[in-house]
There are 4 protein chains.
Amino acid sequence: MATLIKNGTVVTAADTYQADVLLEGDKITCIGADLTCEGADEVDASGKLVLPGGVDVHTHLDMPFMGTVISDDFETGTIAAAHGGTTTLVDFIVPTQGKPLAEGHATWRGKAEGKAAIDYGFHMCITEMGDTTIDEMNALVEAGITSFKMFTAYPGVFMADDGVIFRTMRWAADAGALVMFHAENGWVIEALVEDFIDKGMTDPLYHGLAHPPESEGEATARLMALAEMADAPAYIVHLTCSQAMDAVTAARDRGVRAYAETCPQYLYLTTDDMARPDFEGAKVVCSPPVRDQPHTEYLWRGLANSDLLVVATDHAPTNFKGQKDMGLGDFRKIPNGMPALETRLHLIYKGVADGKISVNRFVDAVATQPAKLFGLYPQKGSISVGGDADVVIWDPDKLVDLSAHALHMRVDYSPYEGMQVRGGPEKVYSRGELIVDGPEFLGQPGRGQYLARKKFDYV
Amino acid sequence: MATLIKNGTVVTAADTYQADVLLEGDKITCIGADLTCEGADEVDASGKLVLPGGVDVHTHLDMPFMGTVISDDFETGTIAAAHGGTTTLVDFIVPTQGKPLAEGHATWRGKAEGKAAIDYGFHMCITEMGDTTIDEMNALVEAGITSFKMFTAYPGVFMADDGVIFRTMRWAADAGALVMFHAENGWVIEALVEDFIDKGMTDPLYHGLAHPPESEGEATARLMALAEMADAPAYIVHLTCSQAMDAVTAARDRGVRAYAETCPQYLYLTTDDMARPDFEGAKVVCSPPVRDQPHTEYLWRGLANSDLLVVATDHAPTNFKGQKDMGLGDFRKIPNGMPALETRLHLIYKGVADGKISVNRFVDAVATQPAKLFGLYPQKGSISVGGDADVVIWDPDKLVDLSAHALHMRVDYSPYEGMQVRGGPEKVYSRGELIVDGPEFLGQPGRGQYLARKKFDYV
Amino acid sequence: MATLIKNGTVVTAADTYQADVLLEGDKITCIGADLTCEGADEVDASGKLVLPGGVDVHTHLDMPFMGTVISDDFETGTIAAAHGGTTTLVDFIVPTQGKPLAEGHATWRGKAEGKAAIDYGFHMCITEMGDTTIDEMNALVEAGITSFKMFTAYPGVFMADDGVIFRTMRWAADAGALVMFHAENGWVIEALVEDFIDKGMTDPLYHGLAHPPESEGEATARLMALAEMADAPAYIVHLTCSQAMDAVTAARDRGVRAYAETCPQYLYLTTDDMARPDFEGAKVVCSPPVRDQPHTEYLWRGLANSDLLVVATDHAPTNFKGQKDMGLGDFRKIPNGMPALETRLHLIYKGVADGKISVNRFVDAVATQPAKLFGLYPQKGSISVGGDADVVIWDPDKLVDLSAHALHMRVDYSPYEGMQVRGGPEKVYSRGELIVDGPEFLGQPGRGQYLARKKFDYV
Amino acid sequence: MATLIKNGTVVTAADTYQADVLLEGDKITCIGADLTCEGADEVDASGKLVLPGGVDVHTHLDMPFMGTVISDDFETGTIAAAHGGTTTLVDFIVPTQGKPLAEGHATWRGKAEGKAAIDYGFHMCITEMGDTTIDEMNALVEAGITSFKMFTAYPGVFMADDGVIFRTMRWAADAGALVMFHAENGWVIEALVEDFIDKGMTDPLYHGLAHPPESEGEATARLMALAEMADAPAYIVHLTCSQAMDAVTAARDRGVRAYAETCPQYLYLTTDDMARPDFEGAKVVCSPPVRDQPHTEYLWRGLANSDLLVVATDHAPTNFKGQKDMGLGDFRKIPNGMPALETRLHLIYKGVADGKISVNRFVDAVATQPAKLFGLYPQKGSISVGGDADVVIWDPDKLVDLSAHALHMRVDYSPYEGMQVRGGPEKVYSRGELIVDGPEFLGQPGRGQYLARKKFDYV
């Protein structure tokens, strides 16, 4: 099987140039001028961009959650991802407390196997620290799970105290693992939530007001200080606000190996969306919440300057009817999260079209940096010889509707209902196989492979 | 009883001028040119400064601690304070866990009564939050205990979680109380201590290395964020390092009511002192620890700029022989703290002599600001009509030896052994009574009065 | 002549207390409880504040300017000042270029003599540096003119290049002089002005837009760097914006002896006032211009934190009719400046009433700090024994109309027309003489004395 | 002519991967796995890196200067460059004052023609602004000279006032040009130089002390403010210190299009080198000067974080004997500058070997970013299909002596005498031609081509 993509504009995290790209078997084997290859499928990409497939390092598929289950499973989610130009994802294992991490690992592997339509790896959530936890984590690193997520939020549920975090960071620095953090001050949030509920302020908006940006800034700054003292790398997931951004850049400027990710929703949606009447605000309830408009501009600038290295999705959809509406009259019961996996590249590419970031930074943020940070590079994340033939032919002029009916995620609404953007995938290849062709999904559920990821070695 | 202090230079937090000062009964009744007062004791203060008596808002007297007891009690401590020009102190009540706060209050009142030679008030330490704690705190505010200390250090002992702190701050903002904080990250310290002990690094120096400035900076920044979200004032005790200083000034510059105190030891002593051989380093072991030399310069500048509003002592002496030496071979067992109550004014006045701060800022930091912040002003803290006649006649030329043998604190060493400074009290009046005259203490133990302090109303 | 002010609340830069104040001859001679003084005029100040007379260190009286003359001379201006509670001012000598500084000095002394109703001193503007200029400046220092103003604005007119500024700073550091700066980038302003005029944008608003805050921030930061390299103190006049404020505090925090002044107009008026139709905006045209509203909040915070040490006025009134209207159709011809001398204390006291600053900081900013910085303390600037009996009995409840008809400055409008504030002088004493009593001015023009100021010795 | 580079590791600004690279004619035509090409020269690059040729955007060749002439001309300089792996340079035209810019252009084109062994372009220095200057600059932009250098230093010689700079920036923003700045405060330097000379302090070290980092920081911050107000991009050449770095990053973080370059000498040499006895310090005299050691660490971090986008050389060699020694006894007469063109890649690659920067950032800083910023990309600056076949086969293990005798620049000393580094070019191709093979230079002087550069379009 070979495919020769002709006349496209290859875009990497650094370069933009006209070339033909040859996919043979599951690899990119040649990038050249005027290539020919007997027997290969020739595809004309004139006027199109040839991009590496997107790498989404923050998804939640088939996850039990707040008394319900995420509406996308590994089949529906990965197919939607492919439609959006994402060919690799890294999902979070949430182990059962009191049970071995390996059990969680097995469970999540089982969820994906036979279903995933694109390649996938896993992070492990660490929510308690027992006598054997470190040993279990070492075993996971050997099994290719080289990143671990911890929380400064959700006291009594997921929250780890600073001592556990600090010790885990020091372990990770030695073990070649990367620790990722949900950074909000869970104690403050708990107090504020209680207050609003006591006062009968139960609308979705109060979810947001109970998670102030100062709380996220505080937790982020704290984690940066812990990373500095531990001499360990630290990765902040779903960063949303200037306070947290400043904490990361200040740390990095004093030499801390500090990395941060944001998500499209924090670049587009605002408190105003959360304040929409008729419980519509529930559609964009997530944690941390979307913020006031000036934060979105701040994040765009951070994205342009590589202060925010990665854009992932925190994809965690639940239906408005039957799931989100569990929180009618009590925002605490609104399942957090929203659909995002399919629309990531569209929304970030819009930043290119709008002159906010370069096309190279776009590729860097949605594919190259996540692959490098999470031990997938150079197999994934770039258009380079020897890498997996995960390639997107991107039509910069295509008009794409981000309404629910036009998308493929298994959820009954879109946070961007009615929004149209220019630019989207025309064809998507995964390990050389054409899995998306225009509106058609051509791949098979279950074709996706588990990715044992390398140890952390980012410079 | 009247005393007329003639020809001195009156110094307040703002002003410096020649005038006579008349003390009648327990009050300052007149400040004027060429005063006369029949029957008054006339004292010539030519060439001398006339200062308000010092107000030390951070002392520990007669406190059970780390398996021993602070070597100064309210008699020896307050007499030493008087010799150093301090006429008011505010000590910390450490209540027994599980017992009513009122019991702790009664205990500490009992320790002071009949012994204290100068006036005194109390702060209450809050180390747990039970169902009735807020009610008990409200009662204490009514009784004149309007400030409460909490800890982000000492997990399992004194540490409060951020939720308890946040809720207490919000209560305080309404109740007219001020919450004070020992700001270090106790979890990190615990991990580092464990490490050093595991590696057999047990000398006093490792106490310091286990309490890095980044940990203090982190906790301080966190408290500032909590205060910002709670819209409450916050007071940081014994601030030692640039990281914490920056956290306070950044908070203040964005509108937080942030206040900070340092202590003389952090302005003079350094890691080098803690590294002295033959266990000598134990003499300066305290928490937070003394820091590297550049921090001392940073603090002096902060003191000059009023970024550090207050200089108190954290007076907590134990004898080198029989107490400090409990920690030979295990720095964890060295009683923290050092003698400081008597030498505060000498050491800060040296900053005036050295051109680092103005004489007004000296008075402000050692007397006026602490009195204002802790509800004692205008009764205490200034040379002003109607205020208590707590007055120090300060000889700027007097050579003072800070060695143990020349001082009055009940402890067998001085952190400043062999050091001589210029400037010290010649006479000290407390409520109009001459209690120190040159080397003589003339007052009576027990003459000191309990001060019911006003609610927090600092602007 | 003696006056005994009974039962008032004395306010200094540090203290607030009830006391009687005795004025004998031209001095404050006694502050005490229940004072009596035979033969003295007794004045009851119950419920009133007893403040030091205001010290305004930035005025322009009887100054030829932009083809016209400032509408207040030393008689009308100082009488208006007295009505507003200001008893000392320091005016700027603008020497004729090419002529000896001494000639300018003589001219300005002549303008004041026989006219001034309150005490006054002078700063000297330095707009060129000839061979003898330093010698002339040394002579002026001996004559009590110990501060010198330079400009980074007005190229070809007042602007000094950075080399002249740097050399002057180094001279001043040795000579005991303080250099003051009008900090805007004159080159940028010139280019922007030209642009607007070319485009026919001639309304008052464009004056403001041609003086962006970034230009002021730049010049201020530059001066801070020059002061740092020269190891000299520097004083920024009429600071208006966050950019300049940040430059000053950053410099101070790294050890530069940086001082800054703002004026009431920058705390109250905004770009909106400059945009008022019918040429009304011309009434508030000044340089630097008034700014957008957020800057006013920033300045209030800076005033509260002592980042802005001084509030002066830059009093420079011209009539709307006949003077300001010279600029109809060409903002370049609008005489810059506005009336301010009389209303300074009212407007800053409003900050006390509104809870933005303490009453002590109010006194500090309008009286004590300017007196200290400019060599007038302790003669002026506080309520202290031995100081000049420049005293204001301030009624905190009095309702004061800031409209033109209710004020005494010789100008046909008020920037605060229709505004009412609470708090104003009831009686004003200058060197013991009652010069203002309610609405009456009782002093004589010419009674004001020239103040030979001391060398710079601020710590 | 075709060359097939086999088995090397291709390194771009983003990617690192194993591939064969085919050069046909003057272009890179193919990058692939297991390539074959009949008739092509096969070169084995196993264990080697395949890098884009270096792009040095800051050189001075054959330039009259301080009464002498730079010792390298376009022949010797470009040959040395090639030996060091640099295949493109952009030199500065210094026009004669009072003469048309076009004349300078013609002169410099003449210097290069027939001599240059690698491709070259030009920047134009702007040191005066006459009536026709803007027209002349527009003509230059059309001729491919799209960047212009201005100075805030050298008053009376090169210095432009802020008005000229501001207007030029605004022109550039429209014209598609980039303005580059030598950022030091020339006025301050002039005063300090005068002082040292007056005091007889004439050694090379005083050159450095007369150019303090605060002066560079000031000028850089000023330029950032001007760029902000002009809404124009600005590029700082030879940035040396933390103060200037902070000015650039602060500007960038508030949205200014701010770019900065440093040079190897500022990353390695320090004040200690300038203080070497026997006039040896003169060898490293340049402007701005080398700084104290902490600045070098700051710059390395800035380089790692892309705060410093570019590393160029400011190559400006003069012989120690006969040229540098003109300044014996008077540092003002030491020709500024040092040899650097040949050793740039070695010295920056050492940062890769030492773990300070990634190999991709190395390529980015020495080739890709300079090509992008100065209108040479994608022709120059990367390993990408369609780009010029300027390729370096880099041996990461090769031991390279940086002593003068081992180098090719026409100058009698090396600032790095005796220093050995690992990593250097094995073969260098320029437009497909092998011009350096091991120690041999195989190219012809005059083969280098003039590069008409594109307008500024950096995102």
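For the structure, check the block above.
Computed from a predicted model, the values in this text were never measured in an experiment.

Conventions used here
- Residues numbered from 1 in each chain as written.
- Chains lettered and ligands numbered in written order.
- Predicted model: local features only at pLDDT ≥ 70, side-chain atom pairs only at ≥ 80, totals over all residues.
- Heavy atoms only, no water.
- Helix = DSSP H or I, 4+ residues; strand = E, 2+ residues; numbered from the N terminus.
- Rg over C-alpha atoms; globule rule 2.2 N^0.38 Å.
- Buried < 20%, exposed > 50% of the residue type's maximum accessible area, 1.4 Å probe, protein only.
- Contact = heavy atoms within 4.5 Å.
- Lys, Arg positive; Asp, Glu negative; His and termini not counted.
- Charge placed at Lys NZ, Arg CZ, Asp CG, Glu CD.
- Phe/Tyr/Trp six-rings, centres within 6.5 Å; stacked < 30°, edge-to-face > 60°.
- Least-squares fit on C-alpha atoms with pLDDT ≥ 70 in both.
- Buried area = accessible area lost by both parts, 1.4 Å probe.
- Salt bridge = Lys/Arg side-chain N within 4 Å of Asp/Glu carboxyl O.
- Polar contact = N/O pair within 3.5 Å; in protein donor to acceptor, adjacent residues only side chain to side chain.
- Nonpolar A, V, L, I, M, F, W, Y, C, P; charged D, E, K, R; others polar.
- Pairing = 2+ DSSP bridges.
- Axes fitted to C-alpha atoms, helices over the stretch in contact; angles between N-to-C directions.
- Parallel < 35°, antiparallel > 145°, perpendicular 65-115°, else oblique.
- Expected span 1.5 Å × (residues − 1).
- Arc of directions from axis to C-beta.
- Bend = angle between axes of the 7 residues up to and from the residue.

Asker: What should I look at first to understand the overall build of chain A in this one?
Answerer: Of the regular secondary structure elements, chain A holds 13 helices and 19 strands. Against the 2.2 N^0.38 benchmark of 23 Å for 459 residues, chain A shows a C-alpha radius of gyration of 21 Å, consistent with a compact globule. Overall, the C-alpha framework of chain A stretches about 70 × 50 × 40 Å when taken along its three principal axes. Across the 459 residues that make up chain A, the buried fraction comes to 68%. Relative to all contacts within chain A whose residues are 6 or more apart in sequence, the contacts with residues 24 or more apart total 76%. Here chain A contributes 38 positive and 65 negative side-chain charges, whose respective centroids are spaced 1 Å apart.

Asker: Would you mind going over the packing of aromatic side chains with me for this structure?
Answerer: Scanning all chains against the criterion turns up 84 aromatic pairs over all chains. Between B:Phe148 and B:Trp171, the ring centres sit 5.5 Å apart and the planes meet at 80°, which makes this aromatic pair edge-to-face. Highlighted residues: B:Phe148 in strand 11 (residues 147-151) and B:Trp171 in helix 4 (residues 162-175), separated in sequence by 23 residues. The exposure class assigned to B:Phe148 is buried, which follows from its relative accessible area of 0%. On the numbers, 5.8 Å between centres and 90° between planes, the contact of D:Tyr268 with D:Trp300 is edge-to-face. Here the residue D:Tyr268 occupies a position in helix 9 (residues 264-268), and D:Trp300 occupies one in helix 11 (residues 293-304), the gap between them amounting to 32 residues.

Asker: What's the story with the relation of the copies chain B and chain A in this structure? I'm lost.
Answerer: Two chain copies here: they are related by a rotation about an axis and a translation along the same axis. With an axial shift of 0.0 Å and an RMSD of 0.0 Å, the rotation relating chain B to chain A amounts to 180°. In short, the pair behaves as if placed about a two-fold rotation axis. Taking the C-alpha atom as reference, chain B places B:Arg222 closest to the rotation axis, 3.6 Å from it. Both copies present the same face, since 100% of the interface residues in chain B are matched by interface residues at the equivalent positions in chain A.

Asker: So what exactly am I meant to see when it comes to the interface of chain B and chain A here?
Answerer: Note on interface size: it is often stated as the accessible area lost on association of the parts. Between chain B and chain A, the contact holds 23 residues from the first and 23 residues from the second. A per-residue breakdown of the area chain B buries against chain A is headed by B:Arg167, B:Trp187 and B:Met229, which together make up 27% of the total. Inspection of the region where chain B meets chain A yields 10 salt bridges. Its salt-bridge partner being B:Asp195, residue A:Arg170 comes within 3.1 Å of it at the nearest N-O pair. Taken together, chain B and chain A are joined by six residue pairs in polar contact (both at pLDDT 80 or more). Element by element, the count of residues in the side of chain B that touches chain A is highest for helix 7 (residues 213-230) of chain B, at eight residues. Looking at the side of chain B that touches chain A residue by residue, the classes come out as nine nonpolar, three polar and 11 charged.

Asker: Explain the sheet that holds strand 13 (residues 234-236) of chain D to me, please; I cannot follow it from the model alone.
Answerer: Each strand in a sheet pairs with its neighbour through backbone hydrogen bonds, running either in the same direction (parallel) or in the opposite one (antiparallel). Residue and element names in this part refer to chain D. Strand order in the open sheet formed by eight strands is 6-9-10-11-12-13-14-15, and the pairing between neighbours is parallel. Edge positions in the open sheet fall to strand 6 (54-59) and strand 15 (310-311), since each of these has one partner strand only. In the sheet, strand 10 (residues 119-125) pairs with strand 11 (residues 147-151) via two bridges, with the strands oriented parallel. Its bridge partner lying in strand 11, Cys125 is registered against Lys149. Helix 1 (residues 74-83) contacts strand 9 (86-93) and strand 10 of the sheet and is inclined by roughly 145° relative to strand 9.

Asker: Got a minute to help me understand the relation of the copies chain D and chain A in this structure?
Answerer: The transformation that overlays chain D on chain A combines an axial shift of 0.0 Å with a rotation of 180°, and the residual RMSD is 0.0 Å. A symmetric contact is evident, with 100% of the interface residues of chain D recurring at the interface of chain A.

Asker: I keep staring at the packing of helix 8 (residues 242-253) of chain D against helix 11 of chain D and nothing clicks. Help me out?
Answerer: Relative placement of two packed helices is described by the angle separating their axes and the distance separating the axes. All names here are of chain D. The interhelical angle for the contact between helix 8 and helix 11, taken along N-to-C directions, is 25°, at an axis separation of 9 Å. In terms of axis orientation, helix 8 runs roughly parallel to helix 11. Here Ser242, Gln243, Met245 and Asp246 of helix 8 come into contact with helix 11, specifically with His295, Tyr298 and Gly302. Among the residues forming the contact of helix 8 with helix 11, the class breakdown is two nonpolar, four polar and one charged.

Asker: Teacher, can you tell me more about the pattern of salt bridges here?
Answerer: A side chain of one charge can pair with a side chain of the opposite charge when the charged atoms of the two come close. A complete count under the given rule lists 124 salt bridges over all chains for this structure. Notably, a salt bridge pairs D:Glu280 with D:Lys283, separated by 3.1 Å at the nearest N-O pair. Overall, D:Glu280 belongs to the partly exposed group, its relative accessible area being 26%. A relative accessible area of 13% places D:Lys283 in the buried class. Here the salt bridges do not stand alone but share partners, grouping A:Lys27, A:Asp119, A:Lys380, A:Asp388, A:Asp390 and A:Arg431 into one network.

Asker: How do you make sense of the pairing of strand 16 (residues 391-401) of chain B when you look at a structure like this?
Answerer: Remember that side chains alternate between the two faces of the sheet whenever the strand is regular. All names here are of chain B. The sheet contact formed by strand 5 (residues 49-52) and strand 16 spans four bridges and is antiparallel. From the neighbouring strand, Leu49 faces strand 16, where its bridge partner is Trp394. Here strand 16 runs beside strand 17 (residues 420-430); their pairing, made up of eight bridges, is antiparallel. Bridging from a neighbouring strand, Asp395 pairs with Gly424 of strand 17.

Asker: I keep staring at the environment of C:Asp272 and nothing clicks. Help me out?
Answerer: Residues and elements named next belong to chain C. In this fold, Asp272 is placed in helix 10 (residues 271-274). For Asp272, a relative accessible area of 61% puts it in the exposed group. As a C-alpha pair, Asp272 and Gly8 span 264 residues in sequence and 40 Å in three-dimensional space.

Asker: What is the right way to look at the side chain of B:Gln323 in this model?
Answerer: Residue and element names in this part refer to chain B. The residue Gln323 is located in the loop between strand 15 (310-311) and helix 12 (344-353) in this model. Accessibility expressed as a relative area gives 9% for Gln323, which makes it buried. A polar atom in the side chain of Gln323 sits 2.6 Å from the side chain of Thr68. A polar atom in the side chain of Gln323 sits 2.5 Å from the backbone nitrogen of Asn319. Discounting residues that sit within four places of it in the chain, Gln323 has contacts with Thr68, Val69, Ser71, Thr318 and Pro335.

Asker: I would appreciate a short explanation of the arrangement of the chains in the present structure.
Answerer: One thing to see here is that chain A and chain C don't touch, and their nearest C-alpha atoms sit 15 Å from each other. A gap remains between chain B and chain D, with no contact made and the closest C-alpha atoms lying 15 Å from each other.

Asker: When you look at helix 11 (residues 293-304) of chain C in this model, what are you seeing that I'm missing?
Answerer: Within an α-helix, residues lying three or four positions from one another point in the same direction, as the helix has 3.6 residues per turn. All names here are of chain C. For helix 11, with 12 residues, the first-to-last C-alpha span of 17 Å sits near the 16 Å given by 1.5 Å per residue. Those residues of helix 11 lying buried are His295, Thr296, Leu299, Trp300, Gly302 and Leu303. The buried residues of helix 11 all sit within an arc of 160° when viewed along its axis, so they share a single face. Looking at the residues trailing helix 11, positive phi occurs at Ser306, about 65°.

Asker: Is there a simple way to explain unusual backbone geometry in this structure?
Answerer: Most peptide bonds are trans, and most residues other than glycine sit at a negative phi. In this structure, A:Pro378 follows A:Tyr377 across a cis peptide bond, with omega equal to 5°. With respect to the secondary-structure elements, A:Pro378 resides in the loop between helix 13 (359-373) and strand 16 (391-401). Even without a glycine there, the phi angle at B:Asp314 is positive, about 50°. Of note, B:Asp314 is situated in the loop between strand 15 and helix 12. Here B:Asp314 falls in the buried class, since its relative accessible area comes to 9%. The backbone phi angle of C:Asp62 is positive, close to 55°, even though this residue is not glycine. By the element assignment, C:Asp62 lies in the loop between strand 6 (54-59) and strand 7 (64-65).

Asker: I'm lost on the sheet that holds strand 13 (residues 234-236) of chain C in this one. Help?
Answerer: Residue and element names in this part refer to chain C. On the basis of which strands lie adjacent, the open sheet formed by eight strands has the order 6-9-10-11-12-13-14-15 and parallel pairing. Of all strands in the sheet, those bounded by a partner on one side alone are strand 6 and strand 15 (310-311). By the bridge criterion, two bridges tie strand 14 (residues 258-262) to strand 15 in an arrangement that is parallel. Note on strand 15: the bridge partner recorded for Glu261 is Val310. The strands touched by helix 12 (residues 344-353) are strand 6, strand 9 (86-93) and strand 15; relative to strand 6, the strand with the most contacts, the crossing angle is about 115°.

Asker: Quick question: what am I supposed to make of helix 13 of chain A here?
Answerer: All names here are of chain A. Here helix 13 contains 15 residues, and its C-alpha end-to-end distance of 20 Å stays within 8% of the 21 Å for a straight helix at 1.5 Å per residue. At Ala365, helix 13 is deflected by roughly 50°, the largest bend along its length. The buried fraction of helix 13 is high, at 15 of 15 residues.

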